Amino acid sequence: QVQLVESGGGLVQAGGSLRLSCAASLRTFTSYTMGWFRQAPGKEREFVAAISWGIVSTYYAESVKGRFTISRDNAKNTVYLQMNSLKPEDTAVYYCAAKGGYYSASAAAYNYWGQGTQVTVSS
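Once that is clear, we can look at the state of the cysteines. One pass over the full model with this rule turns up 1 disulfide. Here Cys 22 connects covalently by a disulfide to Cys 96, the sulfurs 2.1 Å from one another. On the S-S bond that ties Cys 22 to Cys 96, the torsion sits near -75 degrees, and the link is left-handed. Of the two residues, Cys 22 sits in strand 3 (residues 18–24) while Cys 96 sits in strand 9 (residues 92–100), which places them 74 residues apart along the sequence. Taken individually, Cys 22 and Cys 96 each receive the classification buried, so the pair is uniform in this respect.

Okay, here's the thing in structure tokens:
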């Protein structure tokens, strides 16, 4: 009944761009914050970006500011993460997540998760 379907991951060269998509089948009548997280091998899962559906606002980790853009298409119920100027250190599994209510940068606060999609940036 609740499903997040991700697409767009893959292998890109350094300096290139990639757009991740997350189609959300959220059926409850509430406002959701949608987030992107990533986890590299041997590292903790980290916050990347988030966008709210209540008070519309966007939030970014310092490491991706100016390079990544989170957006949404309400008609398609889809959230995007446009990633530009990719660096090898961006290599990670990227996860789409959803939570009801206020924005949070904490993974523990999110209720629903996608399956994860691998992004690999070659040098």
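Okay, back to it.
In this section: the nonpolar core. Formed by 34 residues in total, the largest nonpolar core has its most connected members in Met 34, Trp 36, Leu 81, Met 83 and Tyr 94. Residue assignment for this core shows that the elements contributing at least two residues are strand 3, strand 4 (32–39), strand 5 (46–52), strand 7 (68–73), strand 8 (78–83), strand 9 and strand 11 (117–122).

Let us now look at the packing of aromatic side chains. Applying the stated criterion to the full structure yields 8 aromatic pairs. Ring geometry for Tyr 95 against Trp 113: centres 6.3 Å apart, planes inclined by 80 degrees, an arrangement best described as edge-to-face. Here the residue Tyr 95 occupies a position in strand 9, and Trp 113 occupies one in strand 10 (residues 112–113), the gap between them amounting to 18 residues. Accessibility expressed as a relative area gives 15% for Tyr 95, which makes it buried. Ring pairing ties together the aromatic residues Phe 37, Phe 47, Tyr 59, Tyr 95, Tyr 103, Tyr 110 and Trp 113, which thus form one cluster. Positioned over the ring face of Tyr 95 is Arg 45, at 4.5 Å from the centre of the ring. Sitting over the face of the ring of Trp 113, Arg 45 holds its NZ or CZ atom 4.6 Å from the ring centroid.

For the rest of this paragraph, the subject is the side chain of Glu 6. One can find Glu 6 in strand 1 (residues 4–7). Here Glu 6 is buried and forms no salt bridge, its nearest opposite-charge partner Arg 45 lying at an N-O distance of 9.6 Å. Of note is the side chain of Glu 6, whose polar atom sits 2.3 Å from the backbone nitrogen of Cys 96. A polar contact of 2.7 Å, which involves the side chain of Glu 6, links it to the backbone nitrogen of Gly 116. In this view, Glu 6 contacts Ser 21, Cys 22, Trp 36, Tyr 94, Tyr 95, Cys 96, Gly 114, Gln 115, Gly 116 and Thr 117; residues no more than four positions away in its chain are not counted.

Two strands in a sheet stick together by hydrogen bonds in their backbones, pointing the same way (parallel) or opposite ways (antiparallel). As summarised here, the arrangement of the 4 strands in space is 1-3-8-7, forming an open sheet in which the pairing is antiparallel. Each end of this open sheet is capped by a strand with a single partner; those strands are strand 1 and strand 7. Here the average twist between neighbouring strands, direction ignored, is 15 degrees. One ladder, built from 6 bridges, connects strand 7 with strand 8; its direction is antiparallel. Looking at strand 8, one finds that Arg 72 is bridged to Val 79.

Reading the values: the criteria
- What you see as residue numbers is a count from 1 along each chain, following the sequence as written.
- Local features in this predicted model are restricted to residues of pLDDT 70 or higher, and side-chain atom pairs are both shown and tallied only at a pLDDT of 80 or more, whereas totals for entire chains, interfaces and linings draw on every residue.
- Heavy atoms throughout the structure, all of them, feed into the side-chain values; hydrogens and water do not.
- Cysteine sulfur atoms are paired as a disulfide whenever they come within 2.5 Å of each other.
- Secondary structure elements follow DSSP: runs of H or I of four or more residues count as helices, runs of E of two or more count as strands, with numbering from the N terminus.
- Relative accessible area decides the class of each residue, using a 1.4 Å probe on protein chains only: under 20% of the type maximum gives buried, over 50% gives exposed, and in between gives partly exposed.
- Among the buried residues, those of types Ala, Val, Leu, Ile, Met, Phe, Trp, Tyr and Cys that are joined through side-chain atoms within 4.5 Å form a nonpolar core.
- To pair, rings of Phe, Tyr and Trp, with the six-membered ring standing in for Trp, must have centres within 6.5 Å; the planes then decide the type, stacked if under 30 degrees apart, edge-to-face if over 60, and tilted in the middle.
- For a Lys NZ or an Arg CZ to count as sitting over a ring, it must be within 6 Å of the ring centre and within 35 degrees of the ring normal.
- Working convention for charge: Lys and Arg count positive, Asp and Glu count negative, and His plus the chain ends are omitted.
- One speaks of a salt bridge when a side-chain nitrogen belonging to Lys or Arg is within 4 Å of a carboxyl oxygen belonging to Asp or Glu.
- Pairs of N or O atoms are called polar contacts if they sit within 3.5 Å, as long as, within protein, a hydrogen donor faces a hydrogen acceptor (for residues adjacent in sequence, only side-chain-to-side-chain pairs).
- We call two residues in contact when some of their heavy atoms are within 4.5 Å.
- Two strands form a pair only when DSSP identifies at least two bridges running between them.
- A fitted line through C-alpha atoms serves as each axis, taken over the contacting stretch for helices, and the angle formed by two N-to-C directions is quoted from 0 to 180°.

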